[in-house]
Amino acid sequence: MAFPGKIAVLGGGSWATAIAKLLLKNHSHIHWYMRRKDRIEEFQKVGHNPAYLTSVQFDTDRITFYSSLNQVVKESDTLILVTPSPYLKLHLKKLKVPIKDKLILSAIKGIVPEENMIVTDYLHEFYQVPQENIAVVGGPCHAEEVALERLSYLTIACPDTAKAEMLASLLHCHFIKTVISNDVIGIEYASVLKNVYAIAAGICNGVKYGDNFHAVLVSNAIQELTRFVNTVHPIERNTCDSAYLGDLLVTSYSQFSRNYNFGTMIGKGYSVKAAQIQMEMIVEGYYGTKCIKEINEHYRVEMPILEAVYNILYQKQFAESQVEALSQTFK
């Protein structure tokens, strides 16, 4: 069929809400799946997402809401996945409708746990979606700034350039600039790693390392990220581009970065569980840390920042001693 056809947003969080806002700038009508019926009912009453980005008003006549995943998939052609990566596998297990003929845009910044696979590989292997029908969206772009209509940039990556351009046109507007890429794997891994490094930056802030060290940490992080993606998927790329370095920077510095804020709490002495409860949102970098650590057991890339974050979060090592040891590796 001719894509995009009928477009569905699958997810009810802040990033899903921001993407829905962008789509309705360019598309007359969208489908929107939210798991909770009560959230849909409240949304229809008040005209905005009752739980996330509540300042963004929607014309609900232009939205068909679904609480059935199978129904929304059946009635849609292009699916935009915006669910937290730890829950993706569980959500997709509900599917009785095939998705191999759909065009899928993943806006998930994480890895499928247990399988330790990036989302595109998971969809291809377990759901037979052709790789040319799977795209990813990369930052730097916080949902909160989309809500405020602050100038932001997105990278759409797909092996099929024409589909990347088409998807980019759906999200482009006066405050969103879009570029395209074919580096699906590199951008997916970079979007996972930048969350890990944002946690590291937050931890350093929590143990009262200053801006000077923060800058050195981030400069070492982009080198570590580059080593990893170039090993896993060795193609010609420039990791100084915004989808890599830009996304790392905004996630490591922004007030809106949940990974940075989570790391700050860990550095201040919160337990992982206490910090997660306090956040009230999924911190993708927590899960990404373990997944990348396990993936790297095969590749054996030198990743001291990842190792330090893993030791703090999963081995319950003291943040101060791990950051001190990490500082000795930097130049």
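Being a predicted model, the structure only gives us computed values, none of them experimental.

1. Details of the packing of aromatic side chains
Stage number 1. Evaluated as defined, the whole model comprises 15 aromatic pairs.
Stage number 2. Between Phe43 and Phe65, the aromatic rings sit 4.9 Å apart at their centres with planes inclined by 55°, giving tilted as the arrangement. Within this pair, whereas Phe43 is found in helix α2 (residues 37-46), its partner Phe65 is found in strand β3 (residues 63-66), the two being separated by 22 residues in sequence.
Stage number 3. The rings of Phe262, Tyr286, Tyr287, Tyr310 and Tyr314 are connected pair by pair, giving a single aromatic cluster.
Stage number 4. It is Lys293 that lies over the ring of Tyr310; its NZ or CZ is 5.2 Å from the centre.

2. Some remarks on the pairing of strand β2 (residues 30-33)
Stage number 1. In β2, alternate side chains face the same way, and those of Ile30 and Trp32 on one face and His31 and Tyr33 on the other are all buried.
Stage number 2. For strand β1 (residues 7-10) and β2, the ladder comprises three bridges, and the chain directions are parallel. Each bridged residue has a counterpart across the sheet, and for Leu10 the counterpart in β2 is Tyr33.
Stage number 3. Read from β1 through helix α1 (residues 14-26) to β2, the crossover connection turns out right-handed.
Stage number 4. Where β2 and β3 come together, four bridges link them in parallel fashion. Bridging across to β3, His31 finds its partner in Thr64.
Stage number 5. In this fold, β2 hands off to α2, which returns the chain to β3; that crossover is right-handed.

3. Quick notes on the pairing of strand β4 (residues 78-81)
Stage number 1. Burial along β4 is two-sided: Thr78 and Ile80 and Leu79 and Leu81, pointing in opposite directions, are all buried.
Stage number 2. Direction of pairing for β1 relative to β4: parallel, over a ladder of four bridges. Of the residues in β4, the one forming a bridge with Ala8 is Leu79.
Stage number 3. In terms of strand pairing, β4 meets strand β5 (residues 103-106) through four bridges, oriented parallel.

Criteria and cut-off values
Residues numbered from 1 in each chain as written. Predicted model: local features only at pLDDT ≥ 70, side-chain atom pairs only at ≥ 80, totals over all residues. Heavy atoms only, no water. Phe/Tyr/Trp six-rings, centres within 6.5 Å; stacked < 30°, edge-to-face > 60°. Helix = DSSP H or I, 4+ residues; strand = E, 2+ residues; numbered from the N terminus. Lys NZ or Arg CZ within 6 Å of the ring centre and 35° of its normal. Buried < 20%, exposed > 50% of the residue type's maximum accessible area, 1.4 Å probe, protein only. Pairing = 2+ DSSP bridges. Right-handed = clockwise from strand over helix to strand, strands pointing away.

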